[in-house]
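Spelled out, the chains give:
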Amino acid sequence: GYRPGPVDGSYGAATASAVLAFQKREGLSRDGRAGPQTLGRLDAPQGAGPRSDSGPAIEVDLGRQIAFVSDGSGAVTTLNVSTGNGERYTRAPEAGGGIGVANTPVGRYSVQRRIEGWRDGPLGLMYQPMYFKGGFAVHGSDSVPAYPASHGCVRISIVDSDWVWDTIPNRAPVTLYR
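Quick notes on the rules
- Residues numbered from 1 in each chain as written.
- Predicted model: local features only at pLDDT ≥ 70, side-chain atom pairs only at ≥ 80, totals over all residues.
- Heavy atoms only, no water.
- Helix = DSSP H or I, 4+ residues; strand = E, 2+ residues; numbered from the N terminus.
- Rg over C-alpha atoms; globule rule 2.2 N^0.38 Å.
- Buried < 20%, exposed > 50% of the residue type's maximum accessible area, 1.4 Å probe, protein only.
- Contact = heavy atoms within 4.5 Å.
- Pairing = 2+ DSSP bridges.
- Axes fitted to C-alpha atoms, helices over the stretch in contact; angles between N-to-C directions.

Peer 1: Whenever I open this one, the overall build of the protein confuses me. Can you help?
Peer 2: From N to C terminus, the protein includes three helices and twelve strands. Its C-alpha atoms give the protein a radius of gyration of 16 Å, within 12% of the compact-globule value 16 Å for 178 residues. Burial status across the protein gives 45% buried among its 178 residues. Put simply, of all contacts in the protein between residues at least 6 apart along the chain, 48% involve residues at least 24 apart.

In structure tokens form, the structure reads like this:
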């Protein structure tokens, strides 16, 4: 139910992201390292799963900073995400200017449109953005920390973004909750 990458003997970025997703789901300390506490929980995980496993769909738990991606076959994968940090920021002129607050919207939406590859948006680079509400998207990023850090989008790793892109079609449900 996680995406640690291929078994290659290397503790790379995909493995660290999968461990971080596991730690978030289990309510453990979030450091991306498979220490004694994390390894001890592997045999008996206790963290709650998604509210629904029907799919294809994306479900984002903003409180735990994880996403559950259902592929339509009943399989659910848990991903590390970083969402809106709640801070104020200055909007780019092409986005209407003024001051915005970096909140991720809560509710039920669907994938409305997508842009393949990199997009240089008003608030920065996004990889494979899948828009679910106006300018809000689930997208790949080089930075997916253990805490909320985005302007409101749902950041996922670049590697996970390619997989989500291939797994989630247009009009698939995207549900976000606290």
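Peer 1: Would you mind going over the sheet that holds strand β12 (residues 173-177) with me for this structure?
Peer 2: What links the strands of a sheet is backbone hydrogen bonding, and the strands pair in either a parallel or an antiparallel sense. As summarised here, the arrangement of the five strands in space is β3-β2-β1-β12-β6, forming an open sheet in which the pairing is mixed. Two strands lie at the open edges of the sheet, namely β3 (76-80) and β6 (107-110), each paired on one side alone. Each adjacent strand pair in this sheet contributes to an overall mean axis angle of 20°, direction not counted. In this sheet, β12 lies alongside strand β1 (residues 57-61) in parallel orientation, the contact comprising four bridges. Within β12, the position partnered with I58 by the bridge is V174. Here helix α3 (residues 158-167) sits on the sheet in contact with β1, β2 (66-70) and β3, set at roughly 145° to β3.

Peer 1: Please explain the side chain of S70 as it appears in this structure.
Peer 2: Counting through the fold element by element, S70 comes out in strand β2. Those residues in contact with S70, other than ones at most four positions away along the chain, are S52, D53, S54, G55, P56, A57, A75, V76 and I168.

Peer 1: Help me understand the side chain of H139, please; the structure alone is not making it clear to me.
Peer 2: Within the secondary structure, H139 is located in strand β10 (residues 136-141). With a relative accessible area of 5%, H139 lands in the buried category. Aside from chain neighbours lying at most four places away, what touches H139 is L125, M126, Y127, Q128, P129, C153, V154, R155, I156 and S161.

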